[in-house]
Amino acid sequence: MEDTLMIVIAIGVAVVLMIVVPFMSMADRTDDVVQLTLETALSDFVTTVSTKGEITQDDYSKLVEKISATGNAYDIAVEIQFLDENPGKKTSQVQSTKIGENTYVAIYESQFLEQLDKNGKITLKEGDIVTAGIEKESKSLADILHDVFLGASDNSSYIAVDSKMVTTNGAS
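Quick look at the structure, then. (Residues numbered from 1 in each chain as written. Predicted model: local features only at pLDDT ≥ 70, side-chain atom pairs only at ≥ 80, totals over all residues. Heavy atoms only, no water.)

### As for the nonpolar core
- If you look at the biggest cluster of nonpolar residues, it comprises 27 residues, and the most contacted ones within it are Phe45, Ile55, Val78, Ile80, Phe112, Ile122 and Leu124.
- Within the residue set of this core, elements represented by two or more residues are helix 1 (2–52), helix 2 (57–68), strand 2 (74–84), helix 3 (109–119), strand 5 (129–136) and strand 6 (158–165).
- No other element matches the seven residues that helix 1 contributes to this core.
- When sequence neighbours within four positions are dropped, the list of residues in contact with phenylalanine 45 reads Ile55, Asp59, Tyr60, Leu63, Val78 and Ala132. (Core = buried A, V, L, I, M, F, W, Y, C linked by side-chain atoms within 4.5 Å. Buried < 20%, exposed > 50% of the residue type's maximum accessible area, 1.4 Å probe, protein only. Helix = DSSP H or I, 4+ residues; strand = E, 2+ residues; numbered from the N terminus. Contact = heavy atoms within 4.5 Å.)

The structure is reproduced here in C-alpha coordinates:
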(Lines give C-alpha, C1' and ligand atoms only; values in the text may rest on other atoms or scores of the structure.)
Protein backbone atom coordinates (compact mmCIF):
# COMPACT_ATOMS: atom_id res chain seq x y z
CA MET A 1 0.00 0.00 0.00
CA GLU A 2 2.82 2.37 0.85
CA ASP A 3 4.59 1.56 -2.41
CA THR A 4 1.46 2.43 -4.38
CA LEU A 5 1.11 5.76 -2.58
CA MET A 6 4.75 6.62 -3.23
CA ILE A 7 4.38 5.74 -6.92
CA VAL A 8 1.29 8.00 -7.23
CA ILE A 9 3.15 10.86 -5.52
CA ALA A 10 6.19 10.32 -7.75
CA ILE A 11 4.00 10.36 -10.88
CA GLY A 12 2.30 13.56 -9.65
CA VAL A 13 5.64 15.30 -9.07
CA ALA A 14 6.90 14.11 -12.47
CA VAL A 15 3.81 15.51 -14.20
CA VAL A 16 4.28 18.87 -12.49
CA LEU A 17 7.97 18.98 -13.41
CA MET A 18 7.42 17.86 -17.00
CA ILE A 19 4.30 19.85 -17.88
CA VAL A 20 3.49 22.68 -15.47
CA VAL A 21 6.98 24.13 -14.96
CA PRO A 22 7.79 24.45 -18.69
CA PHE A 23 4.29 25.84 -19.34
CA MET A 24 4.77 28.51 -16.65
CA SER A 25 8.21 29.34 -18.04
CA MET A 26 6.77 29.74 -21.54
CA ALA A 27 3.99 32.00 -20.23
CA ASP A 28 6.55 34.14 -18.40
CA ARG A 29 8.61 34.50 -21.58
CA THR A 30 5.49 35.48 -23.51
CA ASP A 31 4.76 38.14 -20.88
CA ASP A 32 8.31 39.45 -21.25
CA VAL A 33 7.86 39.78 -25.03
CA VAL A 34 4.51 41.55 -24.55
CA GLN A 35 6.12 43.87 -21.98
CA LEU A 36 8.85 44.79 -24.44
CA THR A 37 6.30 45.34 -27.21
CA LEU A 38 4.25 47.66 -25.00
CA GLU A 39 7.27 49.65 -23.85
CA THR A 40 8.50 50.03 -27.44
CA ALA A 41 5.09 51.10 -28.77
CA LEU A 42 4.66 53.65 -25.97
CA SER A 43 8.18 55.02 -26.37
CA ASP A 44 7.72 55.35 -30.15
CA PHE A 45 4.43 57.24 -29.63
CA VAL A 46 5.84 59.67 -27.07
CA THR A 47 9.03 60.25 -29.09
CA THR A 48 7.06 60.90 -32.29
CA VAL A 49 4.75 63.34 -30.53
CA SER A 50 7.58 65.20 -28.80
CA THR A 51 9.59 65.63 -32.01
CA LYS A 52 6.62 66.54 -34.26
CA GLY A 53 4.99 68.92 -31.79
CA GLU A 54 1.53 67.51 -32.38
CA ILE A 55 -0.60 64.49 -31.61
CA THR A 56 -2.72 63.30 -34.50
CA GLN A 57 -5.59 60.85 -34.54
CA ASP A 58 -3.42 58.61 -36.73
CA ASP A 59 -0.56 58.56 -34.17
CA TYR A 60 -2.94 57.58 -31.37
CA SER A 61 -4.67 54.96 -33.54
CA LYS A 62 -1.30 53.35 -34.35
CA LEU A 63 -0.52 53.15 -30.63
CA VAL A 64 -3.88 51.55 -29.87
CA GLU A 65 -3.40 49.10 -32.76
CA LYS A 66 0.06 48.02 -31.58
CA ILE A 67 -1.20 47.52 -28.03
CA SER A 68 -4.28 45.60 -29.17
CA ALA A 69 -2.09 43.26 -31.23
CA THR A 70 -0.71 41.74 -28.01
CA GLY A 71 -4.05 40.03 -27.37
CA ASN A 72 -4.47 41.37 -23.84
CA ALA A 73 -6.67 44.21 -22.59
CA TYR A 74 -4.90 47.42 -21.57
CA ASP A 75 -5.94 50.95 -20.75
CA ILE A 76 -3.95 53.83 -22.24
CA ALA A 77 -3.60 56.97 -20.14
CA VAL A 78 -2.29 60.14 -21.79
CA GLU A 79 -1.57 63.38 -19.96
CA ILE A 80 -0.46 66.58 -21.64
CA GLN A 81 1.01 69.45 -19.65
CA PHE A 82 0.88 72.72 -21.57
CA LEU A 83 3.55 75.24 -20.59
CA ASP A 84 2.03 78.51 -19.36
CA GLU A 85 4.96 80.89 -18.98
CA ASN A 86 4.57 83.50 -16.25
CA PRO A 87 0.77 83.67 -16.18
CA GLY A 88 -0.50 87.19 -15.53
CA LYS A 89 2.99 88.62 -14.96
CA LYS A 90 4.24 89.36 -18.47
CA THR A 91 2.38 92.64 -18.69
CA SER A 92 3.37 93.89 -15.26
CA GLN A 93 7.10 93.21 -15.45
CA VAL A 94 9.82 94.45 -17.76
CA GLN A 95 11.59 91.10 -17.85
CA SER A 96 9.15 88.67 -19.45
CA THR A 97 10.90 85.43 -18.53
CA LYS A 98 11.89 84.52 -15.01
CA ILE A 99 13.23 81.18 -13.96
CA GLY A 100 10.93 79.25 -11.66
CA GLU A 101 7.69 81.05 -12.45
CA ASN A 102 6.48 78.84 -15.28
CA THR A 103 3.44 76.72 -14.62
CA TYR A 104 1.81 73.87 -16.47
CA VAL A 105 -1.85 73.35 -17.29
CA ALA A 106 -2.61 69.64 -17.57
CA ILE A 107 -5.27 67.78 -19.49
CA TYR A 108 -5.99 64.13 -18.85
CA GLU A 109 -7.44 61.19 -20.77
CA SER A 110 -11.06 62.31 -21.24
CA GLN A 111 -10.10 65.87 -22.24
CA PHE A 112 -7.32 64.55 -24.46
CA LEU A 113 -9.65 62.19 -26.33
CA GLU A 114 -12.35 64.86 -26.62
CA GLN A 115 -9.94 67.36 -28.20
CA LEU A 116 -8.44 64.70 -30.46
CA ASP A 117 -11.89 63.60 -31.70
CA LYS A 118 -13.06 67.19 -32.21
CA ASN A 119 -9.99 68.61 -33.97
CA GLY A 120 -8.22 65.52 -35.33
CA LYS A 121 -4.97 66.69 -33.74
CA ILE A 122 -3.59 68.51 -30.73
CA THR A 123 -0.89 71.07 -31.43
CA LEU A 124 1.90 71.36 -28.89
CA LYS A 125 4.64 73.90 -28.39
CA GLU A 126 8.21 73.64 -27.21
CA GLY A 127 8.36 72.99 -23.48
CA ASP A 128 5.06 71.10 -23.20
CA ILE A 129 5.26 67.67 -21.56
CA VAL A 130 3.61 64.51 -22.89
CA THR A 131 3.19 61.57 -20.50
CA ALA A 132 1.63 58.25 -21.49
CA GLY A 133 1.10 55.04 -19.58
CA ILE A 134 -0.31 51.59 -20.21
CA GLU A 135 -2.26 49.88 -17.45
CA LYS A 136 -3.44 46.26 -17.15
CA GLU A 137 -7.15 45.64 -17.52
CA SER A 138 -7.01 41.85 -17.42
CA LYS A 139 -4.72 39.11 -16.19
CA SER A 140 -2.36 37.38 -18.57
CA LEU A 141 -1.85 33.62 -18.72
CA ALA A 142 1.32 33.94 -16.63
CA ASP A 143 -0.60 35.88 -13.93
CA ILE A 144 -3.29 33.20 -13.79
CA LEU A 145 -0.74 30.36 -13.59
CA HIS A 146 1.17 32.16 -10.85
CA ASP A 147 -2.08 32.62 -8.92
CA VAL A 148 -3.03 28.96 -9.25
CA PHE A 149 0.30 27.27 -8.61
CA LEU A 150 2.27 29.78 -6.55
CA GLY A 151 -0.50 31.77 -4.92
CA ALA A 152 1.16 35.05 -5.82
CA SER A 153 0.95 37.42 -8.73
CA ASP A 154 2.25 40.82 -9.69
CA ASN A 155 -0.51 43.31 -8.95
CA SER A 156 1.25 46.34 -10.41
CA SER A 157 -1.14 48.49 -12.37
CA TYR A 158 1.13 50.29 -14.83
CA ILE A 159 3.02 48.14 -17.30
CA ALA A 160 4.85 50.97 -19.05
CA VAL A 161 5.14 54.73 -18.61
CA ASP A 162 7.01 57.22 -20.76
CA SER A 163 7.28 60.99 -20.64
CA LYS A 164 9.09 63.52 -22.79
CA MET A 165 9.28 67.26 -23.22
CA VAL A 166 8.23 68.59 -26.62
CA THR A 167 11.28 69.89 -28.48
CA THR A 168 9.64 71.72 -31.38
CA ASN A 169 6.57 73.82 -32.03
CA GLY A 170 3.81 72.03 -33.92
CA ALA A 171 2.22 73.41 -37.06
CA SER A 172 -1.01 75.25 -36.35
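### Regarding the pairing of strand 2
- Summarising the sheet, strand 2 and strand 5 pair through eight bridges and their orientation is antiparallel. Bridged to alanine 77 within strand 5 is glycine 133.
- Both strand 2 and strand 3 (residues 103–107) contribute to a ladder of five bridges, which runs antiparallel. Across the sheet, the residue bridging to glutamine 81 is alanine 106, located in strand 3. (Pairing = 2+ DSSP bridges.)

### Some remarks on the packing of helix 1 against helix 4 (residues 141–150)
- One way to put it is that helix 1 packs onto helix 4 with a least axis distance of 8 Å and a crossing angle of 145°. Of the two possible hands of crossing, helix 1 and helix 4 adopt the one that is left-handed. Residues Val20, Phe23, Met24, Ala27, Asp28 and Asp31 of helix 1 lie in contact with helix 4, whose contacting residues are Leu141, Ala142, Asp143, Leu145, His146, Phe149 and Leu150.
- Across the contact of helix 1 with helix 4, the residue classes tally to nine nonpolar, one polar and three charged. (Axes fitted to C-alpha atoms, helices over the stretch in contact; angles between N-to-C directions. Left-handed = near helix turned anticlockwise from the far one by under 90°. Nonpolar A, V, L, I, M, F, W, Y, C, P; charged D, E, K, R; others polar.)

### Concerning the side chain of aspartate 59
- Relative to the helices and strands, aspartate 59 is located in helix 2.
- Judged by relative accessible area, which is 12%, aspartate 59 ranks as buried.

### What about the side chain of threonine 131?
- Here threonine 131 shows up in strand 5.
- Polar contacts involving the side chain of threonine 131 include one to the side chain of serine 163, which spans 2.9 Å.
- Among residues more than four places away in sequence, those in contact with threonine 131 are Ala77, Val78, Glu79, Val161, Asp162 and Ser163. (Polar contact = N/O pair within 3.5 Å; in protein donor to acceptor, adjacent residues only side chain to side chain.)

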